[in-house]
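In case you want the letters, here they are:
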Amino acid sequence: MSKQQTVPMIFNQVKQMNWPTLNQFLSATALPIVGIVIFLGLWSLMAKNIDTSLGKFPGPSAVWQQSKVLVEEHNTQQDKAEKFYVRQEQRNVARVAKDPSYEPKIRAFTGAPTFFEQIWTSLYTVMVGFLVASLLAIPLGILCGLSKNAYTAINPLIQLFKPVSPLAWLPLVTMVVSAVYVSSDPMFSKSFITSAVTVALCCLWPTLINTAVGVSSIDKDLLNVSKVLRLNALSHVIKIVLPSSIPAIFTGLRLSLGIGWMVLIAAEMLAQNPGLGKFVWDEFQNGSSESLARIMVAVLTIGVIGFALDRLMLVLQRKFSWDKSAVLR
Amino acid sequence: MTNLKCLSALKVVVKSLRLGVMSAVVTGSLITSGVSAEELGYAEKEELKFGFIKLTDMAPLAIAYEKGYFEDEGLYVTLEAQANWKVLLDRVIDGQLDGAHMLAGQPLGATIGYGTKADIITAFSMDLNGNAITVSNDIWKEMKKHVPHEDGKPVHPISADSLKPVVADFKSKGKPFKMGMVFPVSTHNYELRYWLAAGGIHPGYYAPHKGDTSGQINADALLSVTPPPQMPSTMEAGTINGYCVGEPWNQQAVFKGIGVPVVTDYEIWKNNPEKVFGVSKTWAEKNPNTHIRVVKAMIRAAMWLDENNNANRPEAVKILAKSQYVGADYEVIANSMTGTFEYEKGDKRDVPDFNVFFRYNATYPFYSDAIWYLTQMRRWGQISEPKADSWYTEIAKQVYRPDIYAQAAKALIAEGKAKAVDFPKFATETGYKPAQTHFIDNIVYDGSEPNAYLEKFAIGLKQDSKI
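Residues numbered from 1 in each chain as written. Chains lettered and ligands numbered in written order. Predicted model: local features only at pLDDT ≥ 70, side-chain atom pairs only at ≥ 80, totals over all residues.

1. A look at the overall build of chain B
Test applied: Every helix listed is a DSSP run of H or I at least four residues long, and every strand listed is a run of E at least two residues long, numbered separately from the N terminus. Radius of gyration: C-alpha atoms only; globule rule: 2.2 Å multiplied by the number of residues to the exponent 0.38. Think of it as a crowd count around each C-beta: if 20 or more other C-beta atoms lie within 10 Å the residue is buried, if 12 or fewer it is exposed, and in between it is partly exposed, with C-beta placed from the backbone throughout.
Helix and strand content of chain B: 20 helices and 18 strands. Its C-alpha atoms give chain B a radius of gyration of 22 Å, near enough to 23 Å, the size a compact globule of 467 residues would have. On the principal axes, the C-alpha backbone points of chain B span a range of 80 × 50 × 40 Å. Here chain B holds 467 residues, and the buried ones make up 55% of them.

If you want it as structure tokens, here you go:
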């Protein structure tokens, strides 16, 4: 049990409170609110005193203002898109009338992506990269955990590549993707593949290592049970190995997803691939008096999404874990 | 019957474009013999992606998009900001972009193989002028002592003579004097070099044959590359002492209070050609109608930008201030786009021709403009071998394609969207501007004699010199 949880409990005993539910409610809801309020206060105080060449550092109210502007921009863009499709239909009809051999086609709106579309692009990219990495890392991790020899063979590679910054991979990935991924009608854009592969490269390691550790530290008794029952290799993995290493695997997955999300933003900034990172970089380049506030909106959004992804993994872990009583945080 | 004739004439034109054998001039005159709007076929490629750098001179692209001129041509264009000029060029070469807002030197540099070798052509010049040189506040404080004043205000144009003592001072203290420009073959590099050299400050030579592409051999001022939008912050961080860049990044320095623009490129060379719209040659050969239609849309955009004595500029500024285009504040962009330029804070002067998009035949791709860039590449050693006058002409004709421009302009005239008087007389236009006299050092430039022109400079390589 960690410190944070012990503190309120001691507090509880000392005060001899009669309403533990109220106390629980307070600690669960009020304390985070207090934290946030203090943070907002400090933030607006600090913001007022930081003068950048783009004006004052944005405080909470400026950021709130800009988040509303971003919503508004999204709505106007939506309107524009609708008109674009209407115009396009008319143009197609006119052209078919003149040139019957023409096969009319509806093209996607050509306007710039809005903030919310960028969020969606980033989320989609990180999930694909993460899934690819997990599909590779979990089987490989199980192999490493089961076989000491496989582990000894792969370990040096893991240790070598694990500490490599994702951004060092990026130029290589970019060049390889443009060379290898050639098709006249690509299903995915190159920038998407580049980002997803970079994310995948960085998501591999925590899952791989944690899975290997989890698998190799399965309870001896369980292994003996498997031996006594003479389970074949596949049932051994399914009935014994996977259930007992689920917590470790999920620890790895959660770490991976967190890293993947951070890596993606950086990769988008550097490679100018569509997504939240690109949004941040574009705003930085714009250097308008609202740019900093807009970047701050993006920063907070990135944080909220990162948090949400982590919670999502936690929920999944609870669902898959056989030991429902284990404390997960 | 006449229709058939016209069609066959068009076929010949298209063929000659494809083969690239017929000289541009011949093609141009063929077109005069009777191509009208009806014959211009539909676009071969309707979904296009164009790249740009966040600078106000990308305006023709933004306007052509926002005003629906691209759609009028049946083109569905996506505009995408690029990180820097190198990325932009590479993406045009490898086909990720169909075309892009480019530095005039980029298609030329790519064609002669300075940097990435690739055949890039241009049929549309995007603007005249639009750049300035800015120095940091500290440098300006020192420089100002040597600038002649009248009524308490500095007399413009300010020459680099007043910067010379500052650079000498840096040198004597053993400190490097550094300035930023946006790309080795950028207008800004040549303009900055021109200005420095005219004031007796050596900007350094390139020696690509020795593997030296830093451009700092014998340099008094060390020039290096910084992407335009990062110029102000790089200077603010003290990495560079000044820079030459397009708008709004000079006015941004004034607004941020971090530097002072000292000279505009209008003062260095009046009505100098600046950006072009570049596409790869293979793309142009595959999509001739598309190319003409793109140029048509952009000519209309340029006309709109200069219409009624810049009446539409405030609206244009509003569009450019959107975050997907230039994205700087309205006031910053408006400063230069609406015919004024703020030097020192508060010292706002009228420069009505600071950004020219259409008048003075700004959009026509003149061979002599291409040749001027080639002379500067030779002057600073980017072209390391001596070249004959005929070589300059040949390269200019490979890269600059007034024939395509003429087809677009004629189609517009036929549709009643433009008037013939607004364009050069296509039948007689040679592509060479008359000798130009408006340079800051009063040296006259005649595009037909590039080597003789090189002889006129005190600093710089001459026809036969080698490093």
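2. Let's talk about the overall build of chain A
What counts here: Whether two residues are in contact depends on their C-beta atoms, placed from the backbone: they are in contact if these lie within 7 Å.
Along its length, chain A carries 11 helices and two strands. Counting from the amino terminus, helix and strand elements in chain A follow one another as α-α-β-β-α-α-α-α-α-α-α-α-α. Scaling as 2.2 N^0.38, a compact globule of 329 residues should have a C-alpha radius of gyration of about 20 Å, whereas chain A reaches 26 Å, well beyond that. Considered along the principal axes of its C-alpha atoms, chain A spans approximately 80 × 60 × 35 Å. Classification of the 329 residues of chain A by burial places 31% in the buried group. Residue pairs at least 24 apart in sequence account for 73% of intrachain contacts in chain A once pairs closer than 6 positions are excluded.

3. Description of the interface of chain A and chain B
The condition that has to hold: Under the grouping applied here, Gly and all other residues not named as nonpolar or charged are polar, the nonpolar ones being Ala, Val, Leu, Ile, Met, Phe, Trp, Tyr, Cys and Pro and the charged ones Asp, Glu, Lys and Arg.
Facing 17 residues of chain A, the contacting portion of chain B comprises 25 residues. Counting only elements with at least two residues in the side of chain A that touches chain B, the list comes to helix 3 (60-98) and helix 10 (276-286) of chain A. For the side of chain A that touches chain B, the leading source of residues is helix 10 of chain A, giving four residues. The residue inventory of the side of chain A that touches chain B, partitioned by class, reads one nonpolar, nine polar and seven charged.

4. Regarding the sheet that holds strand 13 (residues 242-246) of chain B
Residues and elements named next belong to chain B. Note the threshold: A pair of strands is treated as paired once DSSP finds two or more bridges between them. Working convention: axes come from line fits to C-alpha atoms, limited for helices to the stretch in contact. Angles between N-to-C directions cover 0 to 180 degrees.
Overall, mixed pairing links the five strands, which are arranged 12-9-13-6-14 in an open sheet. On the outer flanks of this sheet lie strand 12 (221-225) and strand 14 (259-264), each paired with one strand and no other. With strand direction ignored, the average angle separating the axes of adjacent strands in the sheet is 25 degrees.

5. A closer look at the domain arrangement of chain B
Residue and element names in this part refer to chain B. The line we're drawing: Note that the domain bounds were set by an automatic or database domain assignment.
Each domain of chain B was delimited in the assignment, giving domain 1 (2-128 + 274-341 + 352-422) and domain 2 (131-272). Domain 1 and domain 2 are separated by 28 Å when their C-alpha centres are compared. Elements with a minimum of two residues in the side of domain 1 that touches domain 2: helix 6 (105-112), helix 16 (330-337) and helix 17 (367-379). Among the elements that line the side of domain 1 that touches domain 2, the one with the most residues is helix 16, at four residues.

6. Comments concerning the packing of helix 4 (residues 115-146) of chain A against helix 9 (residues 233-271) of chain A
Residues and elements named next belong to chain A. What counts, and what does not: Should the near helix be turned anticlockwise from the far one by less than a right angle, the crossing is termed left-handed; should it be turned clockwise, right-handed.
Look at helix 4 against helix 9: their axes get within 9 Å of each other, and the N-to-C directions meet at 145 degrees. Note on packing geometry: the crossing formed by helix 4 with helix 9 is right-handed. Seen from helix 4, the contacting residues are Ser-122, Thr-125, Val-126, Gly-129, Phe-130, Ala-133, Ser-134, Ile-138 and Ile-142; seen from helix 9, they are Val-237, Val-241, Ile-249, Leu-253, Ser-256, Leu-257, Gly-260, Trp-261, Leu-264 and Glu-268. Looking at the contact of helix 4 with helix 9 residue by residue, the class counts come to 12 nonpolar, six polar and one charged.

7. So, the sheet that holds strand 4 (residues 120-125) of chain B
All names here are of chain B. Ordered in space as 2-1-3-15-4, the five strands form an open sheet in which the pairing is mixed. One side of each edge strand has no neighbouring strand; the edge strands of this open sheet are strand 2 (76-81) and strand 4. Each neighbouring strand pair of the sheet contributes to a mean axis angle of 30 degrees, computed without reference to strand direction. With five bridges connecting them, strand 4 and strand 15 (residues 275-280) associate as antiparallel partners. For Thr-122, the partnering residue across the bridge sits in strand 15 and is Gly-278.

8. Focus on the confidence of the model for chain B
Residues and elements named next belong to chain B. Applied cut-off: The predictor attaches a confidence to each residue, and that confidence, scored 0 to 100, is pLDDT.
When pLDDT is averaged along chain B, the result is 88, and 92% of the positions lie at 70 or above. Ignoring residues within four places in sequence, the model shows residues 1-7, a span with pLDDT below 50, making four contacts including any to other chains. The model gives residues 12-38 a pLDDT under 50, and that stretch makes 40 contacts with residues more than four places away or in other chains. Scoring the predicted complex yields pTM 0.80 and, for the interface, ipTM 0.73.

9. Let's talk about the environment of B:Phe426
All names here are of chain B. Of note, Phe-426 is situated in the loop between helix 19 (402-414) and helix 20 (450-455). Using a count of 20 C-beta atoms within 10 Å as the deciding quantity, one classes Phe-426 as buried. Along the primary structure Phe-426 and Ile-383 are separated by 43 residues, whereas in three dimensions their C-alpha atoms are 32 Å apart.

10. As for helix 17 of chain B
Residue and element names in this part refer to chain B. As a reminder of what qualifies: Given the number of residues in a helix, its expected span is that number minus one, multiplied by 1.5 Å.
Between the first and last C-alpha of helix 17 there are 18 Å, a value that for 13 residues agrees with the 18 Å anticipated at 1.5 Å per step. Burial runs high along helix 17: 13 of the 13 residues are buried. The first or second residue beyond helix 17 is Gly-381, which carries a positive phi of 85 degrees.

11. Considerations on unusual backbone geometry
A cis amide bond, omega 0 degrees, links B:His156 with the succeeding residue B:Pro157. By the element assignment, B:Pro157 lies in the loop between strand 8 (153-154) and helix 8 (164-172). Residue B:Pro248 is reached from B:Glu247 by a cis peptide bond, and omega for that bond is 10 degrees. With respect to the helices and strands, the residue B:Pro248 is situated in the loop between strand 13 and helix 11 (249-256). Of note, A:Arg230 is a non-glycine position whose phi angle comes to about 50 degrees, a positive value. With respect to the helices, strands and loops of the structure, A:Arg230 is situated in the loop between helix 8 (220-228) and helix 9. Here A:Arg230 falls in the exposed class, since 8 other C-beta atoms lie within 10 Å of it.

12. Examining helix 9 of chain A
Between its first and last C-alpha, helix 9 of chain A extends only 44 Å over 39 residues, short of the 57 Å set by a 1.5 Å rise per residue. One or two steps after helix 9 of chain A, the chain reaches A:Gln272, where phi turns positive at roughly 60 degrees.

13. Considering the pairing of strand 9 (residues 177-181) of chain B
Residue and element names in this part refer to chain B. With four of its five residues buried, strand 9 lies for the most part within the structure. Summarising the sheet, strand 9 and strand 12 pair through five bridges and their orientation is parallel. Looking at the pairing, Phe-177 lines up with Ala-221 of strand 12. Pairing analysis gives two bridges linking strand 9 to strand 13, with the strands arranged parallel. Bridging from a neighbouring strand, Gly-180 pairs with Tyr-243 of strand 13.

14. Describing the confidence of the model for chain A
Per-residue confidence for chain A gives a mean pLDDT of 85, with 91% of residues at or over 70. Here helix 1 (residues 3-15) of chain A stands out as the element of chain A with the lowest mean pLDDT, 54, in contrast to helix 4 of chain A, whose mean of 92 is the highest.

15. Comments concerning the nonpolar core
Rules: Nonpolar cores are identified as sets of buried Ala, Val, Leu, Ile, Met, Phe, Trp, Tyr and Cys residues joined via C-beta atoms within 7 Å.
B:Trp195, B:Val295 and B:Met298 are the most contacted members of the largest nonpolar core, which has 145 residues in total. With 11 residues, helix 14 (residues 288-310) of chain B is the single largest residue contributor to this core. Residue contributions to this core reach at least three from each of two domains, namely domain 1 (2-128 + 274-341 + 352-422) and domain 2 (131-272) of chain B. When sequence neighbours within four positions are dropped, the list of residues in contact with B:Met298 reads B:Pro60, B:Ala64, B:Phe124 and B:Phe277. Counting residues in hydrophobic clusters, the runner-up holds 56 residues, among them A:Leu54, A:Ala196, A:Ile240 and A:Ile295.

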